[in-house]
Amino acid sequence: MFLHIKNVLTAEEIALFRQKLWAPDTPWVDGARSAGGQAVHQKNNLQLSQGSELSGQLQGLVKAALARNALFFSAALPRRIYNPLFNHYADGANYYGDHVDSAVMHSRADNAWMRSDLSCTLFLTPPDEYEGGELVATEAWGEKRIKMPAGDMVMYPGSTVHQVLPVTRGHRISSFFWVESMVRGLEQRQLLFDMDMALLRLRQSVGETHPSVITLSGTYHNLLRMWSDV
């Protein structure tokens, strides 16, 4: 599942992120500090210091935006969200080569371990402000090159080989994070998402109290009950 989720952030929120992350005193550090064994050799970017007050403030804004986004909830069925991080690509720190995200991650926020079922990138820079910097995901049938408007997000399986191409002009700033889903299996999550989207269209067509809506809603929740890990 590769899902483009539009308008995760409002225009006012994007402006606030720009004000905070484009400031001269923003505490950027070497991104390789947080890379795993494989990725440390491929990672050449900057990352917002996780221990900074600014990081905590902006993480809260991202989480609040996700909490109000029904499409994100339907597709991810989130059990845990790894605290959102922020990266910066420009000048000499401008790429992240092919890698796969670690399957299990440790959160400093709550000292808990979680699976990285889904990887997410929330774009904060308009695409016309930089050249290069595409998120490239490699699949069995080819590559996806992803570059989205500020405030939009892409979500994809955490098992995907991916990279960020070199930024050759301007600055690319994004938030990135991982999700542990209530439903571990990719196929089951996809089926539940497809059913939920079909139910949404059916409700809009025949209303909430139609017998078919009630029956299919029950089927959806029974499948979720069967497949959930909570």
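Coordinates for the structure precede this section.
Novice: Would you take a moment to explain the layout of surface pockets for this structure?
Specialist: Which parts of space are left empty comes out when a probe the size of a water molecule is rolled across the atoms. Looking at the second largest pocket, its volume works out to about 220 Å³. Taken together, 14 residues make up the lining of the second largest pocket; nearest its centre are A70, F73, S74, D196 and Y220. Looking at the lining of the second largest pocket, the element that brings in the most residues is helix α4 (residues 186-206), giving five residues. Of the residues assigned to the lining of the second largest pocket, the class counts are nine nonpolar, three polar and two charged.

Novice: Sorry, what's going on with the pattern of salt bridges here?
Specialist: Pairing is possible between side chains that carry opposite charge, provided their charged atoms lie close to one another. Within the structure shown, the criterion is met by 10 salt bridges. A salt bridge links D229 to R184; the shortest N-O distance between them is 3.5 Å. With D229 in the segment after α5 (211-227) and R184 in the loop between β17 (172-181) and α4, this pair connects stretches of sequence that are 45 residues apart. Look at D229 and you get partly exposed, because its relative accessible area is 31%. Shared partners join several salt bridges into a network, and the residues in it are R115, D117, R184 and D229.

Novice: It is not clear to me how the nonpolar core should be interpreted in this structure. Could you clarify?
Specialist: In globular proteins that are soluble, nonpolar side chains generally tend to be buried together. Ranked by internal contacts, the top residues of the largest apolar core, which has 31 residues, are F17, L21, F72, F86, L124, M153 and M155. By size, the runner-up hydrophobic cluster in this structure holds 11 residues, among which are M148, V154, V164 and V167.

Novice: Quick question: what am I supposed to make of the environment of V230 here?
Specialist: Looking at the element boundaries, V230 is found in the segment after α5. Accessibility expressed as a relative area gives 66% for V230, which makes it exposed. Sequence separation of V230 and G92 is 138 residues, and the distance between their C-alpha atoms is 44 Å. In this view, V230 contacts R79 and M182; residues no more than four positions away in its chain are not counted.

Novice: I'm lost on the packing of aromatic side chains in this one. Help?
Specialist: Two aromatic rings, taken as a pair, are described by how far apart their centres are and by the angle between their planes. Following the criterion strictly, the structure yields four aromatic pairs and no others. On the numbers, 5.6 Å between centres and 90° between planes, the contact of F176 with W178 is edge-to-face. Grouping residues by exposure puts F176 and W178 together as buried. Linked through ring pairs, Y82, F176 and W178 together constitute an aromatic cluster. The ring of Y130 has K147 lying over it, and the distance from NZ or CZ to the ring centre is 4.3 Å.

Novice: Hey, could you run me through helix α1 (residues 11-21) in this one?
Specialist: The periodicity of an α-helix, 3.6 residues per turn, causes residues three or four positions apart to be oriented the same way. Of all the residues in α1, the buried ones are E13, I14, F17 and L21. Seen along its axis, α1 keeps its buried residues to an arc of 100°; they face one direction. For α1, the exposed residues lying more than 90 degrees away from the buried face are A11, E12 and Q19. Those residues of α1 hidden inside the fold are in contact with β2 (28-30), β4 (46-48), α2 (53-67), β6 (85-89) and β17.

Rules behind the numbers
- Residues numbered from 1 in each chain as written.
- Predicted model: local features only at pLDDT ≥ 70, side-chain atom pairs only at ≥ 80, totals over all residues.
- Heavy atoms only, no water.
- 1 Å grid on protein atoms, 1.4 Å probe; cavity = no way out; pocket = protein on both sides within 12 Å on 5 of 7 lines; lining within 4 Å.
- Points joined across faces, edges and corners; volume = space filled by probe spheres on them.
- Helix = DSSP H or I, 4+ residues; strand = E, 2+ residues; numbered from the N terminus.
- Nonpolar A, V, L, I, M, F, W, Y, C, P; charged D, E, K, R; others polar.
- Salt bridge = Lys/Arg side-chain N within 4 Å of Asp/Glu carboxyl O.
- Buried < 20%, exposed > 50% of the residue type's maximum accessible area, 1.4 Å probe, protein only.
- Core = buried A, V, L, I, M, F, W, Y, C linked by side-chain atoms within 4.5 Å.
- Contact = heavy atoms within 4.5 Å.
- Phe/Tyr/Trp six-rings, centres within 6.5 Å; stacked < 30°, edge-to-face > 60°.
- Lys NZ or Arg CZ within 6 Å of the ring centre and 35° of its normal.
- Arc of directions from axis to C-beta.

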